[in-house]
Amino acid sequence: QVRLVESGGGLVQAGGSLRLSCSASGSIRVINTMAWYRQAPGKQRGLVASITSGGATNYADSVKDRTTISRDNHKNTVYLQMNSVKPEDTAVYYCNVDRVEYYVGTILYAKNDYWGQGTQVTVSS
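A few points on the structure. Each chain carries its own residue numbering, running from 1 in the written order of its sequence. Per-residue local features are limited, in this predicted model, to residues with pLDDT of at least 70; the limit for side-chain atom pairs, both in listing and counting, is 80 or more; totals at the level of whole chains, interfaces and linings are taken over all residues. Calculation of side-chain values draws on the structure's entire complement of heavy atoms; hydrogens and water are dropped beforehand.

### Concerning the pattern of salt bridges
One speaks of a salt bridge when a side-chain nitrogen belonging to Lys or Arg is within 4 Å of a carboxyl oxygen belonging to Asp or Glu. In total, this model carries 4 salt bridges according to the counting rule given. A salt bridge links Arg29 to Glu101; the nearest nitrogen and oxygen atoms lie 2.6 Å apart. Taken together, the positions of Arg29 in strand E4 (residues 27-31) and Glu101 in strand E10 (residues 91-104) put the pair 72 residues apart, joining distant regions of the chain. Using a relative accessible area of 12% as the deciding quantity, one classes Glu101 as buried. Where Arg66 meets Asp89, a salt bridge forms, and the shortest distance between an N and an O atom there is 2.8 Å. Taken as a pair, Arg66 in the loop between strand E7 (57-59) and strand E8 (67-72) and Asp89 in the loop between strand E9 (77-82) and E10 lie far apart in primary sequence, 23 residues in all. Secondary structure elements follow DSSP: runs of H or I no shorter than four residues count as helices, runs of E no shorter than two count as strands, and numbering proceeds from the N terminus. Note on exposure labels: buried denotes an accessible area under 20% of the residue type's maximum, exposed denotes more than 50%, and partly exposed covers the range between, all computed with a 1.4 Å probe on protein chains only.

### Comments concerning the packing of aromatic side chains
A pair of aromatic rings is counted whenever rings of Phe, Tyr or Trp (Trp by its six-membered ring) have centres within 6.5 Å, and the orientation is called stacked for planes under 30 degrees apart, edge-to-face for over 60 and tilted otherwise. Tallied over the entire structure, the rule returns 3 aromatic pairs. Arranged with centres 5.9 Å apart and planes meeting at 20°, the rings of Tyr102 and Tyr109 form a pair that is stacked. By relative accessible area, which is 40% here, Tyr109 ends up partly exposed. Feature note: the residues Tyr37, Tyr94 and Trp115 constitute an aromatic cluster, connected by ring pairs. Any Lys NZ or Arg CZ that is within 6 Å of a ring centre and within 35 degrees of that ring's normal is treated as a charge sitting over the ring. Here Arg45 stacks its cationic end above the ring of Tyr94, 3.8 Å away from the centre of that ring.

Structural data, given as structure tokens:
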């Protein structure tokens, strides 16, 4: 089985920085695109940033100049570094993988559009 574990959320002062991590555990064969989404109460869930297995990145306009997404394929981990955080960044941040292939014993399985539980980020003004 595969498990996505997010960490790094919590209280952050406006103007400060945060670093989120999401690690996939299990007998992983390959993970394609990984991404971070966020959702504030009463708002739609939206993309923050994504990164392909080859390292190509995409950012939402609202975070582009102050955010970096990166990944470590050997650790099956994706990171989100966000600087100069604003109260508007307050949300639950979710890790997402487009596709993960993994072994259970000798059998290969796959999950598409797979989500973590989310981690709360609160930016104080």
